[in-house]
Amino acid sequence: MAPKDPLLGSLKVCVLNLQSDGERVTDSNPHLASCCELLELVLRKGLQQPVLSLVHRDYWHCFEQLPHQDACGSLSALSLAVEQTRVCRKLLSAQGRGRYLLRLALSRKVLPQFFTHLLHTARLLEWYSPDLSILRNEEFVEPFMSLLLVLSHMDFKLDMENCSFLDESWLLPVCEIYEVVPCREVGLVLRYLSGRVFVLDLMPGSQADVDKFICAGDIIDEINGTSLRNSKSGHAGAVLSRFKGCPLSIRVIRWRAHDGTVYRPLIKFLRALRTENPTLQLGPAPSQQTASRDQKPPPSQCLKEGRIVYIVQFLGKANIGMFGGKEVLQHAIPQVLQKNLPSKEVLLDLKETHLTCTDRNSKLELFEHHYPEISCVGRYAQPDYTVFAFCVADSPETPQSTGFCCVVLRASSIKECEDIVCRIATGFKHTEWFV
């Protein structure tokens, strides 16, 4: 009977599970982390440590030593992957870089090539014990390479930017993007712990407080593509100052894991934050979140990607000249209503940085406006307080544009009209740009 290695048996089961889950593998797949961890164990099994060196050898050191050019003298796909891993600022250890490279190789379908190069590079293969390593056992290498070939035929769609915790864990955190309009201040109270930027609190009335997107305990991972990993005190403030007056795209690492529990690698940091601020609130309990999600919106609203979208009537719009202050609404709204145009049922989606209006029947987008383009918003005082409007600068690329345009809509109730007006006003009152 041919000898068996328990690692290969476990890896085979994991690969079959990945296959059974469908053609596309994402970070949410429950078998992905196990598969990567088994690949890592295979790479570490029998890896011998150098005698005269203070550096602990890991499998990343093998891959970074692979030849940098192909037969034609140009950079190979493997070398490009190694270089991308090497320059990633979110990775601080050989373990983190090795894990990132494995995920990158799965995404690019080049994992078998990495191992083939390693098996044909004698000086690197000598780092492995012939008695312990799977890579130096002829009976084990063939089935192992067959499993890698199966993995290379799968479609891995992985978020390679979500890599800041690969130094510590294969378990990835929930990572989301917070889009912020240009504002005077975002309003985050930050603390630096072990090179990470934590949110300790939100300033009342600030943009972050109004948006309710970031929670105390979350981590600011990057701002507009600038990584904050391994940051020292004040680094995040310096980055924000550099982008003052510009839209911000903030990558946020949530303190809650996918299952609603605390993300395990953060437990010790959250305890430290609670010591500094005993009143720190770490968000609603999972049961509260579930209840909120399960609550059905009223008939005049619907859900889209977790957001409430309003079903309103689009009554029309009119050019109002060069002045777009709130004073014009009381004569601009009647100007539109007097046209008696047929109304359209539309979906008004108030996103974090802009609003969109889509025809509910045809699904065609009627308009999209970022909040800095809006000069004022308000309700019409008659007849039933459900009509509201906002003024927006006409598109500069339209030749006949002259100044401002007033867009008029009708909500289903007075309360909903108030909510919409307040949300639009909140969107643009924090902005740096005023039309």
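Nothing here was measured: the structure is a model prediction, and the numbers come from that model.

**Details of the overall build of the protein**
So, step 1. A tally of regular secondary structure across the protein gives 14 helices and 16 strands.
So, step 2. Within the protein, residue pairs in contact and separated by at least 24 positions form 65% of the contacts whose partners lie at least 6 positions apart.
So, step 3. Surface summary for the protein: the accessible area is close to 22100 Å², and the carbon and sulfur share equals 54%.

**A word on the layout of surface pockets**
So, step 1. Each pocket or cavity is described by its volume, and for the second largest pocket that value is around 420 Å³.
So, step 2. A breakdown of the residues in the lining of the second largest pocket according to their chemical character gives 13 nonpolar, 5 polar and 6 charged.

**Topic: the packing of helix α2 (residues 32-44) against helix α5 (residues 94-107)**
So, step 1. Interhelical geometry of α2 versus α5 gives an angle of 120° and a closest axis separation of 11 Å. It follows that α2 is oblique to α5 by the angle criterion. Where α2 crosses over α5, the two elements pack in a sense that is right-handed. Along the contact surface, α2 presents Leu32, Cys36, Leu39, Glu40, Leu43 and Arg44, while α5 presents Gln95, Arg99, Leu102, Arg103 and Leu106.

**As for the side chain of serine 164**
So, step 1. Note on placement: serine 164 falls in the loop between β2 (155-157) and β3 (175-180).
So, step 2. On the basis of relative accessibility, which here comes to 1%, the residue serine 164 falls in the buried class.
So, step 3. In this structure the side chain of serine 164 is engaged in a polar contact, spanning 2.5 Å, whose partner is the side chain of aspartate 221.
So, step 4. Beyond its immediate sequence surroundings of up to four residues, serine 164 is in contact with Lys90, Arg196, Asp221, Arg229 and Ile253.

**A look at the environment of histidine 369**
So, step 1. Among the secondary structure elements, histidine 369 is positioned in strand β13 (residues 365-370).
So, step 2. Residues histidine 369 and threonine 353, spaced 16 residues apart in sequence, show a C-alpha to C-alpha distance of 9.0 Å.
So, step 3. Among all residues touching histidine 369, those that are not within four sequence positions of it are His354, Leu355, Phe390 and Val392.
So, step 4. Side-chain polar atoms of histidine 369 contact the side chain of glutamate 373, separated by 3.3 Å.

**Digging into the pattern of salt bridges**
So, step 1. Following the criterion strictly, the structure yields 23 salt bridges and no others.
So, step 2. Across the pair arginine 103 and aspartate 27 runs a salt bridge, and its minimum N-O distance is 3.0 Å. Of this pair, arginine 103 sits in helix α5 while aspartate 27 sits in the loop between β1 (24-26) and α2, placing them 76 residues apart in sequence.
So, step 3. With a relative accessible area of 25%, aspartate 27 lands in the partly exposed category.

**Comments concerning unusual backbone geometry**
So, step 1. Although it is not a glycine, lysine 109 sits at a positive phi angle of roughly 60°.
So, step 2. Summarising the element assignment, lysine 109 is placed in the loop between α5 and α6 (111-119).
So, step 3. Notably, asparagine 230 is not glycine yet its phi reads approximately 60°, a positive angle.
So, step 4. You can see asparagine 230 is positioned in the loop between β7 (226-227) and α10 (235-242).
So, step 5. Exposure remark for asparagine 230: the relative accessible area of 48% places this residue in the partly exposed category.

**Brief notes about the nonpolar core**
So, step 1. Core analysis: the biggest nonpolar cluster contains 58 residues, and Phe114, Phe144 and Leu151 have the highest contact counts within it.
So, step 2. Elements represented by at least two residues in this core include exactly α1 (6-20), α2, α3 (59-63), α4 (77-87), α5, α6, α7 (122-125) and α8 (138-152).
So, step 3. Once residues lying within four places of it in the same chain are set aside, the contact partners of phenylalanine 114 are Phe63, Leu66, Leu78, Ala81, Val82, Leu101 and Ala105.

**Comments concerning the packing of aromatic side chains**
Two descriptors summarise a pair of aromatic rings, namely the distance from one centre to the other and the angle between the planes of the rings.
So, step 1. In the structure shown here, the tally under the stated rule is 9 aromatic pairs.
So, step 2. On the numbers, 6.4 Å between centres and 80° between planes, the contact of tyrosine 59 with phenylalanine 63 is edge-to-face. Of this pair, tyrosine 59 and phenylalanine 63 both sit in helix α3, 4 residues apart, roughly one helical turn. Assigned by exposure class, tyrosine 59 and phenylalanine 63 land together as buried.

**Regarding the side chain of arginine 196**
So, step 1. With respect to the secondary-structure elements, arginine 196 resides in strand β5 (residues 196-202).
So, step 2. Residues contacting arginine 196, with those up to four places away along its chain left out, are Ser164, Phe165, Glu168, Arg191, Ile219 and Arg229.

**Digging into α4**
So, step 1. When α4 is considered as a whole, its buried residues turn out to be Leu78, Ser79, Ala81, Val82 and Thr85. Along α4, the residues classed as buried sweep out an arc of 160° about the axis, all on the same side.
So, step 2. Residues of α4 that are buried in the fold lie against α3, α5 and α6.

**Focus on the packing of α6 against α8**
So, step 1. The geometry of α6 relative to α8 is characterised by a closest axis approach of 8 Å and an angle of 150° between their N-to-C directions. Compared by their axis directions, α6 and α8 come out roughly antiparallel. Residues Leu111, Pro112, Phe115, Thr116 and Leu119 of α6 form the contact with α8, whose participating residues are Val141, Phe144, Met145, Leu148, Leu149, Leu151 and Ser152.
So, step 2. Class assignment for the residues of the contact of α6 with α8 results in 10 nonpolar, 2 polar and no charged.

**Description of the confidence of the model for the protein**
So, step 1. Chain-level statistics for the protein give a pLDDT mean of 85 and a share of 89% at 70 or above.
So, step 2. By mean pLDDT, the top-scoring element of the protein is α5 (97), and the lowest-scoring one is helix α12 (residues 286-294) (45).
So, step 3. Below a pLDDT of 50 lies the segment residues 284-293, which in the model reaches 6 contacts outside its immediate sequence neighbourhood of four places, other chains included.

**Here we look at the environment of asparagine 29**
So, step 1. Relative to the elements of secondary structure, asparagine 29 occurs in the loop between β1 and α2.
So, step 2. Relative accessible area serves as the criterion here: at 10%, asparagine 29 is assigned to the buried category.
So, step 3. Put simply, asparagine 29 and leucine 18 are 11 residues apart on the chain and 7.9 Å apart in space, counted from C-alpha to C-alpha.
So, step 4. With sequence-adjacent residues up to four places away left out, asparagine 29 is seen in contact with Leu18 and Asp21.

Cut-offs used in this document
Residues numbered from 1 in each chain as written. Predicted model: local features only at pLDDT ≥ 70, side-chain atom pairs only at ≥ 80, totals over all residues. Heavy atoms only, no water. Helix = DSSP H or I, 4+ residues; strand = E, 2+ residues; numbered from the N terminus. Contact = heavy atoms within 4.5 Å. Areas by Shrake-Rupley, 256 points an atom, 1.4 Å probe, with all protein chains shown as cover. 1 Å grid on protein atoms, 1.4 Å probe; cavity = no way out; pocket = protein on both sides within 12 Å on 5 of 7 lines; lining within 4 Å. Points joined across faces, edges and corners; volume = space filled by probe spheres on them. Nonpolar A, V, L, I, M, F, W, Y, C, P; charged D, E, K, R; others polar. Axes fitted to C-alpha atoms, helices over the stretch in contact; angles between N-to-C directions. Parallel < 35°, antiparallel > 145°, perpendicular 65-115°, else oblique. Left-handed = near helix turned anticlockwise from the far one by under 90°. Buried < 20%, exposed > 50% of the residue type's maximum accessible area, 1.4 Å probe, protein only. Polar contact = N/O pair within 3.5 Å; in protein donor to acceptor, adjacent residues only side chain to side chain. Salt bridge = Lys/Arg side-chain N within 4 Å of Asp/Glu carboxyl O. Core = buried A, V, L, I, M, F, W, Y, C linked by side-chain atoms within 4.5 Å. Phe/Tyr/Trp six-rings, centres within 6.5 Å; stacked < 30°, edge-to-face > 60°. Arc of directions from axis to C-beta. pLDDT = per-residue confidence, 0-100.

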